[in-house]
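So the chains spell out like this:
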Amino acid sequence: MVERRCPHPKVIVTRELPDAVMTRLEDLFDATNNRGDAPMPREALAAAMREADVLVPAVTDTIDAALIAQAGERLRLIANFGAGVNHIDLKAARARGIIVTNTPGVLSEDTADMTMALILSVPRRLAEGEKLVRSGEWKGWSPGGMLGYRIGGKALGIVGMGRIGQAVARRARAFGLSIHYHNRHRLPKVVEAELHAEWHPNLDELLGAVDILTLHTPLNADSRDLIDRRRIALLRPHVFVINASRGGILDEDALVEALEAGRLAGAGLDVWRHEPEIDPRLLALPNVVMTPHMGSATYEGRVASGERVIQNIRMWADGHRPPDQVLEGWA
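Because the structure is a prediction, the values reported are computed rather than measured.

A few words on the nonpolar core. One finds Leu-255 and Leu-264 to be the most contacted residues of the largest nonpolar core, which totals 28 residues. Where this core is concerned, the elements lending two or more residues are helix H9 (203-207), strand E9 (212-215), helix H11 (252-260) and strand E11 (266-269). Counting residues per element, this core draws most heavily on H11, at five residues. Once residues lying within four places of it in the same chain are set aside, the contact partners of Leu-264 are Ile-232, Leu-235, Arg-236, Pro-237, Val-239, Val-241, Leu-255, Ala-258, Leu-259 and Asn-287. Membership of the second largest hydrophobic core comes to 24 residues, among which are Ala-112, Met-116, Leu-118 and Ala-197.

Next comes the structure, spelled out in C-alpha cells:
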C-alpha cells in the first residue's frame, strides 16, 4: 500500500505525448502537458519537481540525485514514459520516498520489428541501394551489382533474452536464422524449445560463434560498455552488429575502429552513445545503417505507453502500489 491517497494530483509531463493521452491526463488529473515538445532545460525540470505530485519524464530527461535532492515534498511519484529507467537515479528517489514506475512490455513487439528490419537491411545493403537509386547513378541490374549476404542459415546471437530478445528470436526463426543467446539466467526449457534457442552461459564464447549479434539488455552498471573493445575483437570479420537497445552498451569508438579496419562486416544502429550527436566517422561508413532512435516509434506503442502511465498514476492516487513500480535493483 502507498502511504496516502492523492485524489487529484498535480501532474507535470516533460515531453509532448499523443493527443489522446494528453487529453486523458488533463481529464483525470491537474495535468500540465508539454505541447511544444521542446525538452525541458534542467532549470525547468527542477521547477517542475518542486511543484508536482507526479512527474512524467521521458528518456531525454536526466533525473539525477542532485535534481531529486531539490524536489519538493509533494513529489511522490515519477511515472516514467518508457520502459528504460537508466536516466533516473533510483537510489536517490528511494531515499526520498519517491516511487518510480515505468511502462514495460508495451513496446517489445515494435522494437523487435525494428531490430529485424536492421538485421535484414545491413547484410542486404538496403540503405546503400536506396541511396544509389535516389542518386540517379544506378545503371540497371548486373550480376555483380549490390551483392549482399543471405540471412537464412546464419547464426544470430541475442544478448539479453527478455521480452524484446524473445520477440526478435521468434521473428528471426521465420527467416531461417539459428538462435543463440546469452542471458544472466537461462530460460525455461519449454521456452528454449519454442524458440529453438541455445543458451551460452559465457558471453565471450557466444561472440565467437555467431554471424549476427543483436543487443537487448537494459543499460545499468553491469551492462555499460558490455560490448567493449576486447569483446568486439572476439567477433569474426564477417559479423554484423545490431543495437536497438541503448547506446551505452556498445563501445562506439571500438566499433568504428573495427569497421574501418575491416574487422567487422557492418552495423545497424538505432541508438547512440551521445545522441542526438553521432560520431561523424559512422556517418562516413557505407556499411552502417542508421536510424534515429525510432525502434519504439509507432502510434499504437506511444498510446499504449501513455495508458500505462495513467494506470500507474491512478493506482498511486488511490493509495495503492502502482503495478509497474521499479525497484532499485531493476535490470
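A sheet is described by the order of its strands in space; here seven strands give the open sequence E8-E7-E6-E9-E10-E11-E12, paired in parallel fashion. Looking at strand neighbours, the two that pair on one side only are strand E8 (197-199) and strand E12 (288-290), the edges of this open sheet. Ignoring strand direction, the axes of neighbouring strands in this sheet form an average angle of 20°. Note: strand E6 (residues 155-159) against strand E7 (residues 178-182), five bridges, orientation parallel.

This next bit is on the sheet that holds strand E4 (residues 77-79). The strand order E2-E1-E3-E4-E5 describes an open sheet built from five strands, whose pairing is parallel. One side of each edge strand has no neighbouring strand; the edge strands of this open sheet are strand E2 (30-32) and strand E5 (99-101). Strand-to-strand twist of the sheet, defined as the mean angle between neighbouring strand axes without regard to direction, takes the value 15°. Two strands pair when backbone bridges link them, and strand E3 (residues 54-56) and E4 are joined in this way by two bridges, in the parallel orientation. What sits directly across from Val-54, in E4, is Leu-77. Along the sheet, helix H13 (residues 299-317) makes contact with strand E1 (10-13), E3, E4 and E5, crossing E4 at roughly 160°.

What follows concerns the side chain of His-180. As for its position among the elements, His-180 is in strand E7. Of the residues examined, His-180 reaches a relative accessible area of 12% and is grouped as buried. Here Ser-178 takes part through its side chain, which lies 3.4 Å from a polar atom of the side chain of His-180. For His-180, the side chain forms a polar contact with the side chain of His-200, separated by 3.0 Å. For His-180, the contacting residues outside a window of four places in its chain are Ala-155, Leu-156, Gly-157, Ile-158, Glu-198, His-200, Leu-206 and Val-210.

Of the positions making up helix H1 (residues 19-28), those classed as buried are Val-21, Met-22 and Leu-25. Buried residues of H1, viewed axially, fall in a sector of 95°; they line one side. Opposite the buried face of H1, by more than 90 degrees, sit the exposed residues Asp-19, Ala-20 and Asp-27.

Per the UniProt entry, the sites bearing "domain: D-isomer specific 2-hydroxyacid dehydrogenase NAD-binding" (unreviewed entry) are residues 116-295 in this numbering. Annotation note: span residues 116-295, helix share 32%, strand share 16%, distance between end C-alpha atoms 10 Å.

Structurally, the position occupied by Glu-51 is in helix H2 (residues 42-51). Relative accessible area serves as the criterion here: at 41%, Glu-51 is assigned to the partly exposed category. Separated by 77 residues in sequence, Glu-51 and Glu-128 place their C-alpha atoms 50 Å apart. Those residues in contact with Glu-51, other than ones at most four positions away along the chain, are Lys-10, Ile-12 and Arg-74.

Together, Val-133, Trp-138 and Trp-141 make up a nonpolar patch on the protein surface, roughly 450 Å² of accessible area in all. With respect to the element layout, Trp-138 can be found in the loop between helix H6 (126-135) and E6.

The rules we used
- Residues numbered from 1 in each chain as written.
- Predicted model: local features only at pLDDT ≥ 70, side-chain atom pairs only at ≥ 80, totals over all residues.
- Heavy atoms only, no water.
- Core = buried A, V, L, I, M, F, W, Y, C linked by side-chain atoms within 4.5 Å.
- Buried < 20%, exposed > 50% of the residue type's maximum accessible area, 1.4 Å probe, protein only.
- Helix = DSSP H or I, 4+ residues; strand = E, 2+ residues; numbered from the N terminus.
- Contact = heavy atoms within 4.5 Å.
- Pairing = 2+ DSSP bridges.
- Axes fitted to C-alpha atoms, helices over the stretch in contact; angles between N-to-C directions.
- Polar contact = N/O pair within 3.5 Å; in protein donor to acceptor, adjacent residues only side chain to side chain.
- Arc of directions from axis to C-beta.
- UniProt positions renumbered as here; feature names shortened; annotations may be inferred.
- Patch = residues over 30% accessible without salt bridge, like charges linked within 9 Å, V, L, I, M, F, W, Y side chains within 5 Å.
- Areas by Shrake-Rupley, 256 points an atom, 1.4 Å probe, with all protein chains shown as cover.
- Salt bridge = Lys/Arg side-chain N within 4 Å of Asp/Glu carboxyl O.

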